[in-house]
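Single-letter residue listing:
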Amino acid sequence: MTIEVMVVDDSAVVRQVVRDMLNDAPDINVFACVADPILARQKMQEKWPDVLVLDIEMPRMDGLTFLRQIMQERPTPVIICSSLATKGAELSVQALAAGAVEIVTKPQLGLKEFLLEAKTQFWQAVRAAASARIARRPSPTKAQQASVNSAPDLISMAHTTDRIILIGTSTGGTQALEEILLNAPRTCPGIAVVQHMPEKFTAAFAQRLNSICSVEVKEAENGDRLIPGRVLIAPGGNHLEVQRSGAQYIAKVSRGAPVNRHCPSVDVLFHSAASAAGRNAIGVILTGMGDDGARGLLAMRQAGARTIAQDEASCVVFGMPKEAINLGAVKEIMSLSRISNSLGGF
């Protein structure tokens, strides 16, 4: 089946290069390229896309406003094609929170060459988006917001837990992580997360989660401690590992070659947890395309860790959990809501 794609970007160069690049794939067809959301609306009255490739900063209507309208009217897989600039990163993270499934970055210089080099990545993103389960995004409840505003400072936050939670995810993971961490109590074990996301975007992603959650969420830095109520997000372009230092667990952040085509890689995090924490770790693999994390989760299970996979019904893309299940790495399969509600009891 051919995936029908619409590209919405005010740059004529981007529209031409993305169209040509995607049309090179045998199963993808770009049927429309338009300069802004107003023109996109007109085209969508004639034909609705399977996948929408959307810029953020455009004339007449910005991409974020358009995305929110689409998600209310007819939830559709959306890939954000955004600049690496700080402002673009912040807006793109807001777009992920509004329901977009993926980010493909574009630099401010050398655009054509960059996009051509990223052809395979773009093809994979479109295919993953086309298979994604898209739903309307609910706003945080008043009770959740109240818990953020009134959460007390806990003395236990200053002490290291014996248990740590490791989470790996990709496509659809930004929404899944938001649901999980909004429910996380400040007494929950320290958490380390690998979310497949480009460099420059993870800091904005962590800042947004920190602003709406009662737990502390930050982009991981080398030497950060994993303590109760703290969530460390792997920086884009860097691998994240956990190490044991006496009775403490600390983060190791380092540049490295991609593993399973990803940097950060879930497998790198999970393998480190198997070595450093063993049975004191809980490994959770969430929605995402591909098999990153499956072998690392198996190593965790073999080391005595509790291992959990998100179930197919609640995944946006069931690829990563399915691969881990098929490999025998998973002890328990849970819905996203059950994982979220169990976090404080892990």
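Structure shown above.
Residues numbered from 1 in each chain as written. Predicted model: local features only at pLDDT ≥ 70, side-chain atom pairs only at ≥ 80, totals over all residues. Heavy atoms only, no water.

### Digging into the overall build of the chain
Right, so step 1: Each helix and strand in the chain was counted, giving 13 helices and 14 strands.
Right, so step 2: Counting every position in the chain, which comprises 346 residues, the buried fraction comes to 56%.
Right, so step 3: Intrachain contacts of the chain at a sequence separation of at least 6 include 74% that bridge at least 24 residues.
Right, so step 4: Summing over all exposed atoms, the chain offers an accessible surface of approximately 14,100 Å²; the carbon and sulfur share of this is 48%. (Helix = DSSP H or I, 4+ residues; strand = E, 2+ residues; numbered from the N terminus. Buried < 20%, exposed > 50% of the residue type's maximum accessible area, 1.4 Å probe, protein only. Contact = heavy atoms within 4.5 Å. Areas by Shrake-Rupley, 256 points an atom, 1.4 Å probe, with all protein chains shown as cover.)

### Some points on empty space enclosed by the protein
Right, so step 1: Evaluated as defined, the whole model comprises 2 cavities of 30 Å³ or more.
Right, so step 2: The calculated volume of the largest cavity comes to roughly 60 Å³.
Right, so step 3: In this structure, the largest cavity is lined by 13 residues; those nearest its centre are L96, E102, T174, Q195 and H196.
Right, so step 4: Here the second largest cavity is characterised by a volume of approximately 50 Å³.
Right, so step 5: In terms of lining, the second largest cavity is formed by V93, L96, A97, T174, Q175, E178, F205, R208 and L209.
Right, so step 6: At the level of secondary structure, the elements contributing two or more residues to the lining of the second largest cavity comprise α4 (86-97), α8 (173-182) and α9 (202-212).
Right, so step 7: A class-by-class count of the residues in the lining of the second largest cavity yields 5 nonpolar, 2 polar and 2 charged. (1 Å grid on protein atoms, 1.4 Å probe; cavity = no way out; pocket = protein on both sides within 12 Å on 5 of 7 lines; lining within 4 Å. Points joined across faces, edges and corners; volume = space filled by probe spheres on them. Nonpolar A, V, L, I, M, F, W, Y, C, P; charged D, E, K, R; others polar.)

### Let's talk about the nonpolar core
Right, so step 1: Counting 58 residues, the largest nonpolar core has L67 and I191 as its most contacted members.
Right, so step 2: Formed by 33 residues, the second largest nonpolar core is a distinct cluster that contains A273, A277, A281 and M320. (Core = buried A, V, L, I, M, F, W, Y, C linked by side-chain atoms within 4.5 Å.)

### Describing the packing of helix α10 (residues 266-276) against helix α11 (residues 294-302)
Right, so step 1: Running from amino to carboxyl end, α10 crosses α11 at an angle of 10°, the nearest separation of the two axes being 7 Å. It follows that α10 is roughly parallel to α11 by the angle criterion. From α10, D267, F270, H271, A273 and A274 reach across to α11, where they touch A294, R295, G296, L297, A299 and M300.
Right, so step 2: The residue inventory of the contact of α10 with α11, partitioned by class, reads 7 nonpolar, 2 polar and 2 charged. (Axes fitted to C-alpha atoms, helices over the stretch in contact; angles between N-to-C directions. Parallel < 35°, antiparallel > 145°, perpendicular 65-115°, else oblique.)

### With respect to the pattern of salt bridges
Right, so step 1: In the structure shown here, the tally under the stated rule is 16 salt bridges.
Right, so step 2: In this structure, the salt-bridge partner of D20 is R19, at a minimum N-O distance of 3.4 Å.
Right, so step 3: Since its relative accessible area comes to 37%, D20 is described here as partly exposed.
Right, so step 4: By relative accessible area, R19 is classed as partly exposed at 34%.
Right, so step 5: Note that R208 is salt-bridged to E178, the shortest N-O span being 2.9 Å. (Salt bridge = Lys/Arg side-chain N within 4 Å of Asp/Glu carboxyl O.)

### Details of unusual backbone geometry
Right, so step 1: Between C263 and the following residue, P264, the backbone shows a cis peptide bond with an omega angle of 10°.
Right, so step 2: Note that P264 resides in the loop between β11 (248-254) and α10.
Right, so step 3: A positive phi angle, close to 70°, is found at R60, a residue other than glycine.
Right, so step 4: Looking at R60, the relative accessible area reads 59%, which means it is exposed.
Right, so step 5: In this model, N260 sits at a positive phi of 55°, which is unusual for a non-glycine residue.
Right, so step 6: Turning to its location among the elements, N260 is positioned in the loop between β11 and α10.

### Quick notes on the layout of surface pockets
Right, so step 1: Estimates place the volume of the largest pocket at around 770 Å³.
Right, so step 2: Lining the largest pocket are 26 residues, with Q121, Q124, H196, R261 and H262 positioned closest to its centre.
Right, so step 3: Elements with a contribution of two residues or more to the lining of the largest pocket: β5 (102-106) and α6 (119-130).
Right, so step 4: The greatest single-element share of the lining of the largest pocket, amounting to 5 residues, is contributed by α6.
Right, so step 5: Its residues assigned to classes, the lining of the largest pocket comprises 11 nonpolar, 12 polar and 3 charged.

### Details of the side chain of T287
Right, so step 1: Note that T287 resides in the loop between β12 (281-285) and α11.
Right, so step 2: Of note is the side chain of T287, whose polar atom sits 2.8 Å from the backbone oxygen of T171.
Right, so step 3: Excluding anything up to four places from it in sequence, T287 contacts T169, S170, T171, G172, G173, A176, Q310, C315, V316, V317 and P321. (Polar contact = N/O pair within 3.5 Å; in protein donor to acceptor, adjacent residues only side chain to side chain.)

### Topic: the sheet that holds strand β14 (residues 332-334)
Right, so step 1: Read across the sheet, 7 strands follow the order β8-β9-β7-β6-β12-β13-β14 without closing on themselves; strand pairing throughout is parallel. Two strands close off the open sheet at either side, each with one partner strand: β8 (216-219) and β14. Averaged over all neighbouring strand pairs, the angle between strand axes comes to 20°, with direction disregarded.
Right, so step 2: The sheet contact formed by strand β6 (residues 164-169) and β12 spans 5 bridges and is parallel. Paired with I164 across the bridge in β12 is A281.
Right, so step 3: The strands that α10 touches are β6, β7 (190-195) and β12; relative to β6, the one it contacts most, it runs at about 160°. (Pairing = 2+ DSSP bridges.)

### Notes on the packing of aromatic side chains
Right, so step 1: For the structure on display, the rule yields 0 aromatic pairs.
Right, so step 2: Stacked on the ring of F31, the Lys or Arg K47 has its end atom at 4.6 Å from the ring centre. (Phe/Tyr/Trp six-rings, centres within 6.5 Å; stacked < 30°, edge-to-face > 60°. Lys NZ or Arg CZ within 6 Å of the ring centre and 35° of its normal.)

### Points about helix α12 (residues 319-326)
Right, so step 1: Taken residue by residue, α12 has G319, M320, P321 and A324 as its buried positions.
Right, so step 2: Residues of α12 that are buried make contact with β6, α10, β12, α11 and β13 (306-310).
Right, so step 3: Immediately beyond the C-terminal end of α12, within one or two residues, lies G328, with a positive phi of roughly 85°.

None of this, on its own, says anything about what the molecule does.
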